[in-house]
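Structure at a glance
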Amino acid sequence: MPFEASDAELLTRTREDPEAFGAFYDRYEAALLAYFWRATRRSDLAADLTAETFAQALASARRFDPARGSARAWLFGIARHELADVWERGRVEDQARRRLGIEPLALSDEMLERIESLGSRGGPEALELLATLPEDQRRAVQGRVLEERDYHELARTLDCSESVVRQRVSRGLRSLRERLEQIG
Amino acid sequence: MSYLPELRASLVRAAAREAAAPPRRRALGWLGPAVAAGVALAVVAAAILLVGHRGGNAGPSAGAAAGHSSGAAPPPMPNLSGAEWSRIQKARRATVTQDPACSPSAGARPALRPGQPSGELTAILGVLRRPASATDTTPLKDFQHGPFDVYRAAIRLAREQDGVALYVVPTANVSGWRPVPQRCAAEEAAALGRAMKGASSKQRAAALDGQRRYLAWQQYEAEHPEGVCMAEVDHARGNGGRATGAGGVACGWNVGEIEQGLAGLGASGSPGPSLFHGIVPDGVASVVLVLPRHLGTVTARVLNNVYLAPVPRSVQAPDRVIWRSADGSVIRMTRVP
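All values reported here derive from a predicted model rather than from experimental measurement.

The subject of this paragraph is the overall build of chain A. A count of helices and strands for chain A gives 10 helices and zero strands. Its helices and strands taken in sequence order, chain A reads α-α-α-α-α-α-α-α-α-α from the N to the C terminus. Of all 184 residues assigned to chain A, the portion counted as buried reaches 53%. Intrachain contacts of chain A at a sequence separation of at least 6 include 62% that bridge at least 24 residues.

Laid out in structure tokens, this is it:
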């Protein structure tokens, strides 16, 4: 498996080489676990959501279209849908995992602790400070940095141009950095 | 080291099973006639809704710069909550699984393409009618992160100020979508209706209304694919045109959005005051930016369909942009989103 393969290439090659999906998983496992932990503050939920997100990604890898955006944005798009489902229904879906025959996760205490450590890394102060940003900057930073959404999609969601989103993210991050430096 | 090694192994095994399995076939089975009947009913309902919607459309606002070249006023992008959007996307996925023609994705597109934009776009943007010159070559080596379908030979340098160069970049498809057959709206409505079976009739009606507005907006965008992007090159910071701060490429506005005053609104990331910019159609000679917090106004001259106005660093965006013609009369006032 060449390390140089792009995300899109890995997804395409999954059809012939299952280990390509393993390489894709390796690239985004930590990022997804951290994303879900920050959203839920629960390691077991984060693991469950990560599993369903990757299962959805595998099930729809054939339909991934690089022209519509990066694989990262696509994967986190799936992740956001899974998270929205949790908030809406109060439970994690397992449709994709059942369809693909993926075994239920067996989580040890050590695994749960590692996930919590990963998710909380460098986080609580910045997350609290995030709430102090002006609404437009907070939504832009949250969308771009925490939810990993691309500028094009954010511009449409926030109903403004990409330049405006970039500027809000840039200014929001600068404010956060300055405030963190003040805290020491 | 993997955090969840068993999950990884399980996914790879599932990938191997998927690779070995024959492609899935569409199979409606006994559900076929029932779904077809439901779709037929939904088509009628959607048609009634559509007629009602068009009948109630107020059309372009008074005072628009020029007659709308592309027909009816573009529907606004609906402001949907995350849950609404998620439901709509689920209904989309369910529909596309049964009817792949309902996927709005235009598929893989080249970054650059030969040719020129259509008359619809050049009719309202004089900068695109100007013959090419050596200065029109952007230092952007490629557009590997988008936009796609860029008419390479039609890119024009519009403005250069304080080390910031702005290029108007016409593209054949700014949204990446393609129009879908008319039946798809009804199929998606039927899928959403099924997904909300347990919800109250009021909730279902609200969800279907949001979906209808979303699909109408998306279809309009797909049917009017041509548009412009704006590439910003900040020579002062030597970023070479790739996105840093507020620089880079911003996309993409079709003719309707340009005429509504929504194109190119943004500020460059240059040092010093922010340079707020926008793209305007022919006939707009100057713009007045009304700044927030009673900070006054800034007037900027339009050159090559683009204005570039310094605003204080503390201002993210003006509250309003007023277009004026050469004789000073107000053509349009746009509230900046």
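So, about a negative patch on the surface. On the surface, a cluster of negative charge is made up of A:Asp109, A:Glu110, A:Glu113 and A:Glu116. Positionally, A:Asp109 belongs in helix H6 (residues 109-120).

Our next topic: the interface of chain A and chain B. Reports often express the size of an interface as the amount of accessible area lost when the parts come together. The interface is formed by 55 residues belonging to chain A together with 56 residues belonging to chain B. In total, chain A and chain B occlude about 4,800 Å² of area from one another, counting both sides; carbon and sulfur atoms represent 50% of this. Linking chain A with chain B are two salt bridges, by the criterion used here. Across the salt bridge formed by A:Glu19 and B:Arg8, the nearest N and O atoms sit 2.6 Å from each other. Linking chain A to chain B there are seven residue pairs in polar contact (both at pLDDT 80 or more). For the side of chain A that touches chain B, the element with the highest residue contribution is helix H2 (residues 18-40) of chain A, accounting for 10 residues.

Our focus in this paragraph is the state of the cysteines. By definition, a disulfide links two cysteine residues through a covalent bond between their sulfur atoms. Residue and element names in this part refer to chain B. Under the counting rule described, the total for this entry stands at one disulfide over all chains. One disulfide in the model links Cys102 with Cys184; its S-S distance is 2.1 Å. One quick way to see it: the torsion about the S-S bond of Cys102 and Cys184 is about -85°, and its sign makes the bridge left-handed. Residue Cys102 is located in the loop between helix H3 (82-98) and strand E1 (112-113), and its partner Cys184 is located in helix H5 (residues 183-195); the two are separated by 82 residues in the primary sequence.

Time to look at the packing of aromatic side chains. Residue and element names in this part refer to chain B. All chains considered together, the criterion is met by nine aromatic pairs over all chains. On the numbers, 5.9 Å between centres and 45° between planes, the contact of Tyr214 with Trp217 is tilted. Of this pair, Tyr214 and Trp217 both sit in helix H6 (residues 201-223), three residues apart, which is roughly one turn of that helix. Assessed through its relative accessible area of 7%, Tyr214 is described here as buried. The exposure class of Trp217 is buried, given its relative accessible area of 5%.

Definitions and cut-offs
- Residues numbered from 1 in each chain as written.
- Chains lettered and ligands numbered in written order.
- Predicted model: local features only at pLDDT ≥ 70, side-chain atom pairs only at ≥ 80, totals over all residues.
- Heavy atoms only, no water.
- Helix = DSSP H or I, 4+ residues; strand = E, 2+ residues; numbered from the N terminus.
- Buried < 20%, exposed > 50% of the residue type's maximum accessible area, 1.4 Å probe, protein only.
- Contact = heavy atoms within 4.5 Å.
- Patch = residues over 30% accessible without salt bridge, like charges linked within 9 Å, V, L, I, M, F, W, Y side chains within 5 Å.
- Areas by Shrake-Rupley, 256 points an atom, 1.4 Å probe, with all protein chains shown as cover.
- Salt bridge = Lys/Arg side-chain N within 4 Å of Asp/Glu carboxyl O.
- Lys, Arg positive; Asp, Glu negative; His and termini not counted.
- Charge placed at Lys NZ, Arg CZ, Asp CG, Glu CD.
- Buried area = accessible area lost by both parts, 1.4 Å probe.
- Polar contact = N/O pair within 3.5 Å; in protein donor to acceptor, adjacent residues only side chain to side chain.
- Disulfide = S-S within 2.5 Å.
- Phe/Tyr/Trp six-rings, centres within 6.5 Å; stacked < 30°, edge-to-face > 60°.

Nothing here speaks to function; it is geometry throughout.
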